[in-house]
Amino acid sequence: MLQELYERQSIRKYQAKPVEEEKIEQLLRAAMQAPSARNTQSWRFLVVTNRAALDSMVELQPYTGMMKSAPCAIIVLGDRTAEENDAYLYVNAAAAIENMLIEAVHQGLGTCWCAIAPNAERIAAFRQYYSLAQDELPIGVVAVGYGDEVKTKQDRFDPAKIRYFK
């Protein structure tokens, strides 16, 4: 059993300590190891460490309040020149995000991911603020930092959500 899977939690409070570039690179390496539909590897990443941009992110997506204490955010984009089907962009980005979240636990970091897409207003706001091209679809954003909160671990296994077809 990969313990990081069970240790991962959504962290919304961070220490005022920057994340080392080496650890950010490890998160991105893990993200790019994710599988993708038809192996398009259509994900792209925008690393944000600018304090003003992190503080104002809540204006672009109202559920990103944790960015006010996070020292880093990674915006996950889908590249429509690599994959024309937005549904595949979403699942490819989701796989990359999950890899990032698990690697963050391994690196001793806390994370919290927030959706941008499919909300058209949020997509437009991120495109404008970060000067994204029309073929770059902002799908989600991951807050990254050293956690400043302790949460009770939860076992989410629920056999009632499982069926077998034999």
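Check the entry above for the structure.
It should be emphasised that the depicted structure is a prediction, and the values quoted were computed from it without experimental measurement. (Residues numbered from 1 in each chain as written. Predicted model: local features only at pLDDT ≥ 70, side-chain atom pairs only at ≥ 80, totals over all residues. Heavy atoms only, no water.)

Asks: Is there a simple way to think about the pairing of strand S2 (residues 72–79) in this case?
Replies: Consecutive side chains of a regular strand alternate in pointing toward one face of the sheet and then the other. Among the 8 residues that make up S2, 8 are buried, leaving the element largely enclosed by the rest of the structure. Here S2 shows two buried faces, one formed by Cys72, Ile74, Val76 and Gly78 and the other by Ala73, Ile75, Leu77 and Asp79. Here 6 bridges tie strand S1 (residues 43–48) to S2, and the two strands are oriented antiparallel to one another. The residue bridging Leu46 from the neighbouring strand is Ile75, located in S2. Examined bridge by bridge, S2 and strand S4 (residues 136–145) share 8 bridges and lie antiparallel to one another. Bridge pairing links Leu77 to Pro138 in S4. (Buried < 20%, exposed > 50% of the residue type's maximum accessible area, 1.4 Å probe, protein only. Helix = DSSP H or I, 4+ residues; strand = E, 2+ residues; numbered from the N terminus. Pairing = 2+ DSSP bridges.)

Asks: When you look at the pattern of salt bridges in this model, what are you seeing that I'm missing?
Replies: Any two side chains of opposite charge can pair, so long as their charged atoms come close to each other. Applying the stated rule across the entire model yields 6 salt bridges. A salt bridge links Lys153 to Glu7; its shortest N-O distance comes to 3.6 Å. Pair noted here: Lys153 is in the segment after S4 and Glu7 is in helix H1 (residues 3–7), with a separation of 146 residues, a long-range link. Classification of Lys153 as partly exposed rests on a relative accessible area of 45%. Between Glu83 and Arg38 there is a salt bridge whose closest N-O contact spans 2.6 Å. (Salt bridge = Lys/Arg side-chain N within 4 Å of Asp/Glu carboxyl O.)

Asks: Help me out: how do you make sense of the side chain of Ser36 in this one?
Replies: Mapped onto the elements, Ser36 comes out in the loop between helix H2 (21–32) and S1. Classification of Ser36 as buried rests on a relative accessible area of 16%. A distance of 3.2 Å separates the side chain of Ser36 from the backbone nitrogen of Thr40, its partner in a polar contact. Residues in contact with Ser36, not counting those within four places in the same chain, are Gln41, Trp43 and Asn92. (Polar contact = N/O pair within 3.5 Å; in protein donor to acceptor, adjacent residues only side chain to side chain. Contact = heavy atoms within 4.5 Å.)

Asks: Just checking my understanding: could you explain the layout of surface pockets for this structure?
Replies: The probe, sized like a water molecule, is rolled over the atoms to show the empty space still left. Of the volumes computed, that of the largest pocket is approximately 330 Å³. Around the largest pocket sit 15 residues that line it, and Tyr6, Arg8, Gln9, Gln154 and Arg156 are the ones nearest its centre. At the level of elements, H1 and helix H4 (86–106) are the ones that each hand at least two residues to the lining of the largest pocket. Residue composition of the lining of the largest pocket, grouped by class: 4 nonpolar, 4 polar and 7 charged. (1 Å grid on protein atoms, 1.4 Å probe; cavity = no way out; pocket = protein on both sides within 12 Å on 5 of 7 lines; lining within 4 Å. Points joined across faces, edges and corners; volume = space filled by probe spheres on them. Nonpolar A, V, L, I, M, F, W, Y, C, P; charged D, E, K, R; others polar.)

Asks: Would you mind showing me how to read unusual backbone geometry here?
Replies: The phi torsion of most residues other than glycine is negative, and most of the peptide bonds are trans. For the peptide bond that leads from Ala117 to Pro118, omega is 10°, which places it in the cis range. Of note in the backbone geometry, Arg38 takes a positive phi value of approximately 55° without being a glycine. By the element assignment, Arg38 lies in the loop between H2 and S1. Non-glycine residue Asn39 carries a positive phi angle of around 55°.

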